[in-house]
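One-letter residues, chain by chain:
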Amino acid sequence: MSAENPLEPTGRAALAASREMLALGPEEKADALRRMAAAVRSAAPRVLQENALDMEEAGAAGRNAAFLDRLLLTPDRVERMAHGMEQVAELPDPAGDCIREWTRPNGLHISQVRVPLGVIGFIYESRGTVTCDAAALCLKSGNAVILRGGSESLRTNRVLAEVLRGALKESAVPVDALQLLASGSRDEVRQLCELDSCLNVIIPRGGKGLIRTVMEYARVPVLKHLDGVCHVYVDAAADLEMAVNILDDAKTQRPGVCNAAETLLVDAAVAERFLPMAAERMRLRGVECRVCGRSRPFFGPEAAAASEEDWSVEYEDLILSVKVVDGVRGAVEHVNRYGSHHSDSIVTEDAQARDYFMRRVDSACVYHNCSTRFSDGEEFGFGAEIGIGTDKFHARGPMALRELTSYKYVIEGSGQMKDPSRIPGKNHS
């Protein structure tokens, strides 16, 4: 007989809490989120103090600038976390929504109704902000959540979880609807993945290594977000000034995030005019460019030659791969071959090129004449997101409240039977 999973008590408490959540109304859940937001604001000095210790340790470990940026909390970021929870609180509650309904010829009335997923295991790296986003989204949609943050942000997550759970004690939401695994043990990831007696779904948010580990051990469905290998394609019919500004924003505004551009594709018909503009702007921003043979003349000897591997790398840094392609067809072929199905943009004034790209690029978010940096729950009006889904199963793109629900069928009858002839003593002649 195998030993009990050490997380069974945690899982059972979350399962019990998730069942209590089913009885709560929208305002009770919204009230809990508002209390959580107020508590985070009040605890900002403590949160920043603990985050500074995490930052110090990460810096001493030699973490790169993009990693440190994701880990860092500032007074502004703490305020944005609190404001984000308040935004989620005011959004429509998806639980109980009727997706569709109809009446059958036999009089049965059938409704398809949204219900919470149940208990969510959420495993993530680096960002303390994600702790608040995940808590708000899961609780608002009626789910219980077990959080497992990365060891690099352990202090930050511990204080945030303590503050959030303290706020829940004053609300109708059961405290155990929000739990944090905070021992720092690496075994926790495997143990959480194997907690199929209590969990309904696992959502990992982090690098390839984390995703591989979760996929190896998970015994319940996984909603995963893989790489963010995002592209900006500049078409022959692009407004070139617009294109260079979009590229600049997509690559350099915050290069360490998953919706930042990693590859620039340029139509050969406009390469001679556009690439000098792009090269100059990237030099201005300190971006290292890795270029194909056709684009090299516009970047000079300091630009490294792009390898085959470069086309599928998520740099999360001020590095950009650059390739000249033969029109929109070549761009689409490249994106679908090397991309990660995350976020890709075309810059063009040609409606046919736009339609070709947007219909054929197989990504969660496809943009026309704007930056890829808008792939974000807040930017989409969702308040926040728990991840960017790049699969096609269940959820795609920014995953927010609706994506944290499933559905059930509710059937109303008036005595209908599949076979009324089987009622004893009835004359059916």
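Please read these numbers as outputs of a predicted model, since none were measured by experiment.

**Here we look at the overall build of the protein chain**
What the protein chain contains, in helices and strands, is 13 helices and 16 strands. Referenced to the eigenvectors of the C-alpha coordinate spread, the extents of the protein chain come out at roughly 90 × 65 × 45 Å. Counting the 429 residues in the protein chain, one finds 52% classified as buried. Counting only contacts in the protein chain whose residues sit at least 6 apart along the sequence, the fraction spanning at least 24 positions is 73%. Of the roughly 19,300 Å² that the protein chain leaves accessible, carbon and sulfur atoms contribute 48%. Averaged over its 51 positive side-chain charges, the protein chain has a centre that lies 4 Å from the centre of its 62 negative ones.

**With respect to the sheet that holds strand β2 (residues 109-116)**
Spatial ordering of the open sheet is given by β1-β2-β16, a layout of three strands whose pairing is antiparallel. Both outer strands of the open sheet, β1 (98-103) and β16 (405-412), are each paired with one neighbouring strand and no more. On average, each strand axis in the sheet is tilted by 20 degrees relative to the strand beside it, whichever way the strands run. Direction of pairing for β1 relative to β2: antiparallel, over a ladder of five bridges. Bridge pairing links T103 to H109 in β2.

**A closer look at the sheet that holds strand β12 (residues 343-347)**
Overall, parallel pairing links the seven strands, which are arranged β10-β9-β11-β8-β7-β12-β13 in an open sheet. Each of the sheet's edge strands pairs with one partner strand only, and the pair in question is β10 (304-305) and β13 (365-368). Alignment of strand β9 (residues 288-291) against β10, held across two bridges, turns out to be parallel. Its bridge partner being in β10, R290 is matched across the sheet by A304. Packing of helix α11 (residues 271-284) onto the sheet brings it into contact with β7 (230-234), β8 (261-267), β9 and β11 (319-325), and relative to β8 it is tilted by some 155 degrees.

**Focus on the packing of aromatic side chains**
The tally for this structure, following the rule as stated, stands at five aromatic pairs. Taking the centre distance of 5.0 Å and the plane angle of 15 degrees together, the rings of F122 and Y124 count as stacked. For the residue pair F122 and Y124, the accessibility class agrees, reading buried in each case. Here the aromatic rings of Y407 and Y409 are separated by 5.7 Å at their centres, their planes lie at 75 degrees, and the arrangement is edge-to-face. A relative accessible area of 43% means that Y407 is categorised as partly exposed. Among the aromatic residues, those joined into a ring-pair cluster are W102, Y407 and Y409. The ring of F67 has R63 lying over it, and the distance from NZ or CZ to the ring centre is 4.2 Å. Across from the ring centre of W311, 5.3 Å away, lies the NZ or CZ of K323, which sits over that ring.

Reading the values: rules and limits
- Residues numbered from 1 in each chain as written.
- Predicted model: local features only at pLDDT ≥ 70, side-chain atom pairs only at ≥ 80, totals over all residues.
- Heavy atoms only, no water.
- Helix = DSSP H or I, 4+ residues; strand = E, 2+ residues; numbered from the N terminus.
- Buried < 20%, exposed > 50% of the residue type's maximum accessible area, 1.4 Å probe, protein only.
- Contact = heavy atoms within 4.5 Å.
- Areas by Shrake-Rupley, 256 points an atom, 1.4 Å probe, with all protein chains shown as cover.
- Lys, Arg positive; Asp, Glu negative; His and termini not counted.
- Charge placed at Lys NZ, Arg CZ, Asp CG, Glu CD.
- Pairing = 2+ DSSP bridges.
- Axes fitted to C-alpha atoms, helices over the stretch in contact; angles between N-to-C directions.
- Phe/Tyr/Trp six-rings, centres within 6.5 Å; stacked < 30°, edge-to-face > 60°.
- Lys NZ or Arg CZ within 6 Å of the ring centre and 35° of its normal.

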